[in-house]
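# Observations on the model geometry
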2 protein chains.
Amino acid sequence: MSVGSGHIPNETIDRLFSYLRPLMCVLNRGSVTVSSRELAEICTVNPSVVRKDFSYIGSLGTRGVGYNVRELIESIRRALKFDNDIRIAVVGVGNIGRALLEHPRFGFEGFKIVAAFDSSPEKVGQTVGQVTVEDAADLEKRLQSEAVQLVIVAVPEICAPDVARRVGDAGVNSVLSFTPCGLAMPDNVNVTSVDLSLEMARLVYHSCSQEGLRIGDGAA
Amino acid sequence: MSVGSGHIPNETIDRLFSYLRPLMCVLNRGSVTVSSRELAEICTVNPSVVRKDFSYIGSLGTRGVGYNVRELIESIRRALKFDNDIRIAVVGVGNIGRALLEHPRFGFEGFKIVAAFDSSPEKVGQTVGQVTVEDAADLEKRLQSEAVQLVIVAVPEICAPDVARRVGDAGVNSVLSFTPCGLAMPDNVNVTSVDLSLEMARLVYHSCSQEGLRIGDGAA
DNA sequence: TAGTGATTGTGTTCACATTCACAAGCTACA
DNA sequence: TGTAGCTTGTGAATGTGAACACAATCACTA
Ligand SMILES: NC(=O)c1ccc[n+]([C@@H]2O[C@H](COP(=O)([O-])OP(=O)(O)OC[C@H]3O[C@@H](n4cnc5c(N)ncnc54)[C@H](O)[C@@H]3O)[C@@H](O)[C@H]2O)c1
Ligand SMILES: NC(=O)c1ccc[n+]([C@@H]2O[C@H](COP(=O)([O-])OP(=O)(O)OC[C@H]3O[C@@H](n4cnc5c(N)ncnc54)[C@H](O)[C@@H]3O)[C@@H](O)[C@H]2O)c1
């Protein structure tokens, strides 16, 4: 019972994606193979974690040698259903929306922003990044005609629930929201909220907690 | 053995923070108490999760009644070491940095951006949000004089490792980075990277996975 | 072809987090 | 005062991922 027959843990999914960037570096460096130890070092994880992660998507390595970098990248993308570019739309071209649209890196990583929407007449018609901002009134229709797979919601908090509902109705089932409020969504729609406040609170908490650990560091 | 004598699970820390926003709403609504069932419903978690989370920071509820909202907020903030405003600096006032500086919500949530830095002469001297952009050359000195607890790094990828190192040297031990590359940091510095690509990849993966589950939804 | 050194793949063990179930304890009311 | 109806707090069971150790397997060399 090997090749991806069963179920892949959530944490493994995340790590599989996070291996892609370092692997591209290794590939550009000219290496043909990479060992679990080396990759683990780059990603600061345990080597056995790397091996077990790869074991979920099949036996890709050669004992005594390591993993073929090119094959590995290919297999990870396949496992993550990341073969083709992911088609994205941005709703709300304010500070955040603009930053996303002008961010060139997404294009290199397999994400393609195919449309942007705003309700403000001033914004509609502007070209930002690779796309021209469209009127939010046409949202549903255009999401379908552009075969959008994922929508990034970057509108003011008060509008977010309404926008999210419309996105869901249009048949898109992945939403990345920048408003930390909970968006009521049907079961078939996955929502993730980017909550910077939470990240910051966590960081500060952990820094404070380890404060007490700095004991006995007198010069020895 | 009750009141926060032991160790609080990481997941609980995250959830405790995430309860704060809904609790503020409940408070503004005028409710004096809230039950674990009600709060769980708002946050879409299991009620027993809520109760166990609160049990880690002491016995705060009244059986048969629920939790006093005001006391609860107070206790959570205390447990998270969130009594005073967290002092933050932003390095790199580009698209992302500007969005953060102009975001008013952070102020209401207990985060205070006390300084911003950029290396571009055009940016230095500009006032964005509540602060005036300073020259990045003064970074270390100013981080210390402003008693900054957390630095948000929003500079181009190529500069990030250098900026991070300087921040660490200045004695700040919490860094929130927008570059997804791994930043080598001493052990006493906590780094979190905001990786939107990862979030998007995860969303799409899970949407694709549950595709096969839509079986037998013929009109019944 | 046999021996050596290196690395993968995985069964097992361990640690942590979620869920469940229920006794303990509070309020309200007659 | 006693009873009924909730809701909390928590021990125990369950589920899930991480760490570990080691046999299986490969390339290389003589
Ligand atoms: N800026 C930050 O650093 C930051 C941090 C955390 C969370 N957020 C959240 O992200 C969201 C966006 O932030 P921002 O700073 O870009 O806000 P912003 O005010 O700069 O931009 C919002 C944009 O949405 C447009 N808009 C409003 N209603 C709309 C609708 N119904 N349909 C389409 N477009 C609509 C507006 O015209 C505007 O262009 C907000 O909810 C904010 O709370 C922002
Ligand atoms: N914009 C996005 O949507 C997005 C998404 C994901 C990640 N990121 C990452 O976030 C970071 C910032 O993105 P951005 O869009 O704001 O970039 P940006 O180019 O708009 O802004 C970068 C700013 O940093 C300043 N800077 C450069 N070197 C500096 C130094 N040594 N010290 C201080 N300031 C310096 C520049 O003058 C500029 O103002 C980048 O690493 C980017 O890859 C951005």
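Everything in this summary refers to the structure shown in the same document.

Criteria and thresholds
- Residues numbered from 1 in each chain as written.
- Chains lettered and ligands numbered in written order.
- Predicted model: local features only at pLDDT ≥ 70, side-chain atom pairs only at ≥ 80, totals over all residues.
- Heavy atoms only, no water.
- Near = heavy atom within 4 Å.
- Polar contact = N/O pair within 3.5 Å; in protein donor to acceptor, adjacent residues only side chain to side chain.
- Helix = DSSP H or I, 4+ residues; strand = E, 2+ residues; numbered from the N terminus.
- Nonpolar A, V, L, I, M, F, W, Y, C, P; charged D, E, K, R; others polar.
- Areas by Shrake-Rupley, 256 points an atom, 1.4 Å probe, with all protein chains shown as cover.
- Expected span 1.5 Å × (residues − 1).
- Bend = angle between axes of the 7 residues up to and from the residue.
- Buried < 20%, exposed > 50% of the residue type's maximum accessible area, 1.4 Å probe, protein only.
- Pairing = 2+ DSSP bridges.
- Contact = heavy atoms within 4.5 Å.
- Axes fitted to C-alpha atoms, helices over the stretch in contact; angles between N-to-C directions.

Next up on the list: the protein's contact with DNA strand C. Residues in contact with DNA strand C amount to 28 residues; listed here are only the nearest, A:Ser36, A:Tyr67, B:Glu11, B:Arg15 and B:Arg63. Between a phosphate oxygen of DNA strand C and a side-chain N or O atom of A:Tyr67, the distance comes to 2.7 Å. B:Arg63 has a polar side-chain atom sitting 2.7 Å from a base nitrogen of DNA strand C. Within the residue set of the surface near DNA strand C, elements represented by two or more residues are α2 (36–43), α3 (47–56), β2 (61–62) and β3 (66–68) of chain A together with α1 (10–29) and α3 (47–56) of chain B. Take the surface near DNA strand C: its biggest share by element is four residues, from α3(B). Broken down by class, the residue content of the surface near DNA strand C amounts to six nonpolar, 13 polar and nine charged.

What surrounds ligand 1 is a group of 23 residues, the closest being A:Ile96, A:Asp118, A:Lys123, A:Val155 and A:Thr179. At the site occupied by ligand 1, nearby residues are drawn from chains A and B. Between ligand 1 and A:Glu157 there is a distance of 3.4 Å, counted from an oxygen atom to a backbone nitrogen or oxygen. Between B:Ala99 and ligand 1, the recorded distance is 3.0 Å, taken from a backbone N or O atom to a nitrogen atom. About the coverage of ligand 1: the protein hides 82% of its 830 Å² of free accessible area. Mapped by element, the contributors of at least two residues to the shell around ligand 1 are α5 (95–101) of chain A together with α5 (95–101) of chain B. Split by residue class, the shell around ligand 1 holds 13 nonpolar, seven polar and three charged.

This paragraph deals with the protein's contact with DNA strand D. Neighbouring DNA strand D are 28 residues, the closest being A:Arg15, A:Arg63, B:Ser36, B:Arg51 and B:Tyr67. The sugar and phosphate moieties of DNA strand D supply 67% of its atoms located within 4 Å of the protein. A distance of 2.8 Å separates a base nitrogen of DNA strand D from a polar atom in the side chain of A:Arg63. A distance of 2.9 Å separates a phosphate oxygen of DNA strand D from a polar backbone atom of B:Gly61. Breaking the surface near DNA strand D down by element, the ones donating at least two residues are α1 (10–29) and α3 of chain A together with α2 (36–43), α3, β2 (61–62) and β3 (66–68) of chain B.

Residues and elements named next belong to chain A. A rise of 1.5 Å per residue sets the reference length of α1, with its 20 residues, at 28 Å; its end C-alpha atoms lie 30 Å apart and thus fit the reference within 8%. The principal kink in α1, of about 30 degrees, is found at Arg 21, preceding the proline Pro 22 by one to four residues. Considered for burial, the residues of α1 that qualify are Thr 12, Ile 13, Asp 14, Leu 16, Phe 17, Tyr 19, Leu 20, Arg 21, Pro 22, Leu 23 and Val 26. One or two steps after α1, the chain reaches Gly 30, where phi turns positive at roughly 105 degrees.

With that settled, the discussion passes to the sheet that holds strand β1 (residues 33–34) of chain B. Residues and elements named next belong to chain B. On the basis of which strands lie adjacent, the open sheet formed by three strands has the order β1-β3-β2 and antiparallel pairing. Two strands bound the open sheet, and with one partner strand each, they are β1 and β2. As judged from the two bridges shared by β1 and β3, these two strands associate in the antiparallel manner. Note on β3: the bridge partner recorded for Thr 33 is Asn 68. Each of β1 and β3 is contacted by helix α4 (residues 69–79), which is oriented at about 75 degrees to β3, the strand it contacts most.

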